[in-house]
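The lines below spell out each chain.
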Amino acid sequence: MPAEAKPVHNPIRIDPEVCVKCNLCDWICPGDLIYKEEDNRETLPVVEYPDECWYCGLCQSICPVDAITIIFPKQMIQCKTDVTTLLGKVVE
Amino acid sequence: MPPAPWKTIDTDVFVIGGGVAGCMAAIPALEAGLDVVVAEKGKVLDHCGSVGCGVDHYLTIMESGPEWDTPEFLLKHVPELTDGIVDMAVTSRVIHEMPRVLRKIESFGVNFKDPRYNDYYRLRSFGLPGTYHINFDGTDFKKHIGQRVRKLKGTVLTRTMAVQLLVEDNRVYGALAFNFRTGEWVVIRARAIVMAAGEVNRLSLNASGVAFDSWHTPYNTGDAQAMAYRAGALLANMEFVETTLTPKGFSAQGLNALVSEGAYFVNKSGERFMFKYDEKGENARRAVIADAVINEYLLGNGPVYADCRHLPPDVLDHMEATLQVDRYTMPAFYEQKHLDFKTEPVEVSISELSIRRSGVYFRGSGLAVDTDGQTSISGLFAAGDCATVSGGIAGASVLGHVAGEGVAAFLKDRSGALPEVDMEDANAIRERAMAHLETEREQTLSWKAFEDQTRRTVSDYVGVRRNDKGLRLALDTLRALAAREPELRADDLHGLMRVHESKSIRMNAELMAECSLTRTETRTRSSHRRLDYPDTKDPEWRRFVTVTRGDEGPRVGTVTCENALAAAFDRLNPGGVANAG
Ligand SMILES: Cc1cc2nc3c(=O)[nH]c(=O)nc-3n(C[C@H](O)[C@H](O)[C@H](O)COP(=O)(O)OP(=O)(O)OC[C@H]3O[C@@H](n4cnc5c(N)ncnc54)[C@H](O)[C@@H]3O)c2cc1C
Ligand code: SF4
Ligand code: SF4
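Residues numbered from 1 in each chain as written. Chains lettered and ligands numbered in written order. Predicted model: local features only at pLDDT ≥ 70, side-chain atom pairs only at ≥ 80, totals over all residues. Heavy atoms only, no water.

Colleague: What's the story with helix α10 (residues 330-337) of chain B in this structure? I'm lost.
Modeller: A turn of α-helix holds 3.6 residues, and therefore any two residues three or four places apart point the same way. Inspection of α10(B) places M330(B), A332(B), F333(B) and Y334(B) among the buried residues, and these make up the whole buried set. Those residues of α10(B) hidden inside the fold are in contact with α4 (74-77) of chain A together with β12 (245-247), α9 (313-326) and β15 (346-350) of chain B. Following α10(B) by one or two positions, H338(B) adopts a phi angle in the positive range, close to 55°. (Buried < 20%, exposed > 50% of the residue type's maximum accessible area, 1.4 Å probe, protein only. Helix = DSSP H or I, 4+ residues; strand = E, 2+ residues; numbered from the N terminus. Contact = heavy atoms within 4.5 Å.)

Written out as structure tokens, the structure reads:
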């Protein structure tokens, strides 16, 4: 499925040096995006479904060691969309 | 192979959605000594739902002395706030209960006071006829409510999505759900059920094109409305859409803080245009502000900006300090955009659309309820953003609490065994769901592509500019999509949740298009703008548009707003006025 194979923006960066592998981000994410092996102090959390992020920041706010940074994608930071394209088409 | 075993649960009350309304409904039911089970998509009750990260305003009557702070005064203004389309009976109950529920939430440990004054800091916004909004640091609002549920020993099924109600002879007796991490399916038998799964999002396009970038939580997808509709419940106000203003590129909260603190909206010529649209200027209702901005863009006056530069430094500092309370990531957004809202105007866009309460207080879209929060299905209650009377966290708290007390009263003199669940039916429903995980099928459709088509259709033809032709075109497309639902593909259990959400979204979009077609007038500006019927028709259209499931698709009707929506409930009026006219 080539459409889904293209690289997806990663909404959060988890600093592997800082992360204490506590699982909190996995538990808190409202979208079920972050997966961390339970009871394994060796493995890092993984963002399994990066394109389903709400950019809510709950993971960042809960992380006890500030290992998480939110990174907005270009479409959000430099949004070029013409707002009138969101306002409907009129069929005569 | 024999079908996999089910986890079975028998309980008094089953609550679908552990957000604000669900928790507030669970509390009085638990206090009444009932057994309560909550199903919630999230894992941590204290943080799940729309407000897991915090809130900053709470609409309430406090009866602090002045006339405006009484239920009677606010109620008198409700018809004008809702353009006459409102269930006054339920709204009256909600408004009267506001002071009591506020005190109760305070008793859970929520501090509504502003530490700067050690008092309530109350502001006026959104056209309300008084300073009804308490501005407060609600970072822990949900935490306190969730803790209360746990303290009272409510059972929470986390990471569990409810997908189907079990109803017999218009009486609800259970539901089916599954855990999207373990794959375990649960059959719940309950003597009453509360629907509290929130509004409908992921419904239309936004400025960024990032599908889950939405003002309200993208994980609330109208599941309660879709489930209850399929089970025969009456819905109302589904034609109305809601949108807000957001910094362009990030569909986020913040409009309330902006307007209540005194920001201006200006167009590309620097003109402060809001007074052209409403004498209250930036303090107009949300629906009016959104409509004005839509109009400015259509007139070619865009971009539109939010301008705070005239505000005194202490107000700007307060705004900056509280920027993250309503949306935690807002400071990061401005920072990564290199934009300082204190010294530069912020370009704004309208957000994507949702079906919630169309930018006005007390006129919710979704499940019609009576004054106890009970829907047209016996034993099925609803509250929060999926119900026909709502208003942010306060509306969800109060109607949630009303519904919880309603459940307790409903169950008081009812005993006896619940019907047995027909496991053959349950297995068939589960099998149909699990079929989405089959990879070896001739034709499959990704839920993302399916949703994109729904969103494109809604934006183009069911959004803020509607006409007969466009709506019919949309209905054709949405029904063609429905026919393809069996093809939907889930790559894993998480995807299976998304597939169910996509179906709910499409279902709600279809109901919205149907109901919009029926209301042949314009009401509350772009909340329901019919280009082919541009006028508001009073008194002819002082009616609710209602919808139930008919034999051949949605059955639309109307009810005069002089009545409560419950007047259309068959269980209260056998053979009565439901869908008359
Ligand atoms: C970031 C943000 C800030 C806000 N700030 C304010 C504010 O300051 N003041 C204000 O008045 N309003 C605010 N609102 C609006 C307010 O949060 C909502 O109106 C309110 O939460 C509605 O309550 P609810 O219970 O209907 O929905 P929610 O609180 O969202 O709860 C719905 C719950 O149902 C669950 N759910 C959904 N589908 C299913 C399913 N199929 N099975 C199981 N569970 C399911 C969800 O996971 C969720 O937890 C804000 C909203 C957001 C998103
Ligand atoms: S920002 Fe929110 S949605 Fe995105 S990964 Fe973090 S918790 Fe999940
Ligand atoms: S919350 Fe922070 S420390 Fe804990 S697992 Fe996630 S990133 Fe690591």
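Colleague: Help me understand the site of ligand 3 in this model?
Modeller: Near ligand 3 there are 13 residues, and of these C19(A), V20(A), C22(A), C25(A) and C63(A) occur at the shortest range. For the shell around ligand 3, a count of residues per class yields 11 nonpolar, one polar and one charged. (Near = heavy atom within 4 Å. Nonpolar A, V, L, I, M, F, W, Y, C, P; charged D, E, K, R; others polar.)

Colleague: Even after reading the chapter, I still don't get the site of ligand 1, so can you show me in this structure?
Modeller: Every one of the 34 residues lining ligand 1 counts as a neighbour, but E40(B), S50(B), H57(B), D326(B) and D385(B) are closest to it. Surrounding ligand 1 are residues belonging to chains A and B, so the site spans chains. Within the backbone of A21(B), one N or O atom sits 2.8 Å away from an oxygen atom of ligand 1. Against a free-state accessible area of 990 Å², the protein chains account for coverage of 97% of ligand 1. Here the shell around ligand 1 is built from residues that sort into 15 nonpolar, 12 polar and seven charged. (Polar contact = N/O pair within 3.5 Å; in protein donor to acceptor, adjacent residues only side chain to side chain. Areas by Shrake-Rupley, 256 points an atom, 1.4 Å probe, with all protein chains shown as cover.)

Colleague: It is not clear to me how the side chain of Q225(B) should be interpreted in this structure. Could you clarify?
Modeller: Residues and elements named next belong to chain B. Inspection of the secondary structure assignment puts Q225 in helix α5 (residues 223-230). Take Q225: its relative accessible area is 1%, and that puts it in the buried class. Discounting residues that sit within four places of it in the chain, Q225 has contacts with G198, E199, V200, L235, G366, D385, C386 and N508.

Colleague: What is the right way to look at the packing of helix α2 (residues 71-81) of chain B against helix α3 (residues 88-107) of chain B in this model?
Modeller: Angle between the axes and distance between the axes are the two parameters that describe a pair of packed helices. All names here are of chain B. The geometry of α2 relative to α3 is characterised by a closest axis approach of 10 Å and an angle of 150° between their N-to-C directions. Classified by the angle their axes make, α2 and α3 are roughly antiparallel. Here α2 and α3 pass one another in a crossing that is right-handed. In contact with P71, E72, L74, L75, V78 and P79 of α2, α3 contributes M88, T91, S92, I95 and H96. Looking at the contact of α2 with α3 residue by residue, the class counts come to seven nonpolar, three polar and one charged. (Axes fitted to C-alpha atoms, helices over the stretch in contact; angles between N-to-C directions. Parallel < 35°, antiparallel > 145°, perpendicular 65-115°, else oblique. Left-handed = near helix turned anticlockwise from the far one by under 90°.)

Colleague: Would you mind going over the nonpolar core with me for this structure?
Modeller: Nonpolar side chains in soluble globular proteins generally cluster together in the buried interior. Residues and elements named next belong to chain B. Core analysis: the biggest nonpolar cluster contains 208 residues, and F14, Y58, F141, L165, I193 and M195 have the highest contact counts within it. Lining this core are residues from two domains, each supplying at least three of them: domain 1 (1-243 + 353-415 + 432-574) and domain 2 (247-350). With sequence-adjacent residues up to four places away left out, L165 is seen in contact with I16, V172, G174, A175, I193, M195, M227, A228, A231 and L380. Counting residues in hydrophobic clusters, the runner-up holds 12 residues, among them A236, A368, F544 and C561. (Core = buried A, V, L, I, M, F, W, Y, C linked by side-chain atoms within 4.5 Å. Domains from an automatic or database assignment.)

Colleague: What am I meant to see in the sheet that holds strand β3 (residues 57-59) of chain B here?
Modeller: By way of backbone hydrogen bonds, the strands of a sheet pair with one another, either parallel or antiparallel. Residues and elements named next belong to chain B. One open sheet holds the four strands; their spatial order is β3-β6-β5-β4, and the pairing between them is antiparallel. What marks the edges here is a single partner per strand, and that holds for β3 and β4 (113-114). Looking at chain direction, β4 and strand β5 (residues 119-123) are connected through two bridges and run antiparallel. Within the sheet, the bridge partner assigned to K113 lies in β5 and is Y120. α3 rests against β3, β5 and β6 (133-135) of the sheet, and its axis sits at about 145° to β3. (Pairing = 2+ DSSP bridges.)

Colleague: How do you make sense of empty space enclosed by the protein when you look at a structure like this?
Modeller: Where empty space is left in the structure can be found by rolling a water-sized probe over the atoms. Residue and element names in this part refer to chain B. A full pass over the atoms with the stated rule returns nine cavities of 30 Å³ or more. Taken as a whole, the second largest cavity spans an internal volume of roughly 300 Å³. Looking at the second largest cavity, it is lined by 23 residues, and the ones nearest its centre are Q253, G254, L258, L323 and Y334. Broken down by secondary-structure element, the contributors of at least two residues to the lining of the second largest cavity are β12, α6 (255-261), α9, α10 and β15. Counted by class, the lining of the second largest cavity contains 16 nonpolar, four polar and three charged residues. (1 Å grid on protein atoms, 1.4 Å probe; cavity = no way out; pocket = protein on both sides within 12 Å on 5 of 7 lines; lining within 4 Å. Points joined across faces, edges and corners; volume = space filled by probe spheres on them.)

Colleague: Can you help me understand the confidence of the model for chain B in this one?
Modeller: Per-residue confidence for chain B gives a mean pLDDT of 95; residues scoring 70 or more make up 99%. Scoring the predicted complex yields pTM 0.97 and, for the interface, ipTM 0.95. (pLDDT = per-residue confidence, 0-100.)

Colleague: Help me understand the environment of P345(B), please; the structure alone is not making it clear to me.
Modeller: Residue and element names in this part refer to chain B. By the secondary structure assignment, P345 is in the loop between α10 and β15. Distance in space between the C-alpha atoms of P345 and A263 is 10.0 Å, their sequence separation being 82 residues. Sequence-distant contacts of P345, that is, excluding residues within four places in its chain, are made with Y305, A306, R309 and L339.

Colleague: What am I meant to see in the packing of helix α1 (residues 20-31) of chain B against helix α11 (residues 392-412) of chain B here?
Modeller: All names here are of chain B. Put simply, α1 and α11 touch, their axes get as near as 7 Å, and they point 30° apart. Put simply, α1 runs roughly parallel to α11. For the element pair α1 and α11, the recorded crossing hand is right-handed. For the pair α1 and α11, contact is made by V20, A21, M24, A25, P28 and A29 and by I393, A396, S397, G400, H401, G404 and E405, respectively. Class assignment of the residues belonging to the contact of α1 with α11 gives a composition of eight nonpolar, four polar and one charged.

Colleague: I would appreciate a short explanation of the pairing of strand β10 (residues 185-195) of chain B in the present structure.
Modeller: A regular strand places its side chains so that they alternate between the two faces of the sheet. All names here are of chain B. Of all the 11 residues making up β10, 11 are buried; the element is thus mostly covered by neighbouring parts of the structure. Two strands pair when backbone bridges link them, and strand β9 (residues 171-179) and β10 are joined in this way by five bridges, in the antiparallel orientation. Directly across from A177, in β10, lies its bridge partner V186. The hairpin formed by β9 and β10 contains five residues between the paired strands, and G183 there has a positive phi angle of roughly 80°. Bridge count for β10 against strand β17 (residues 380-382) is three bridges, and the pairing is parallel. Looking at β17, one finds that V194 is bridged to F381.

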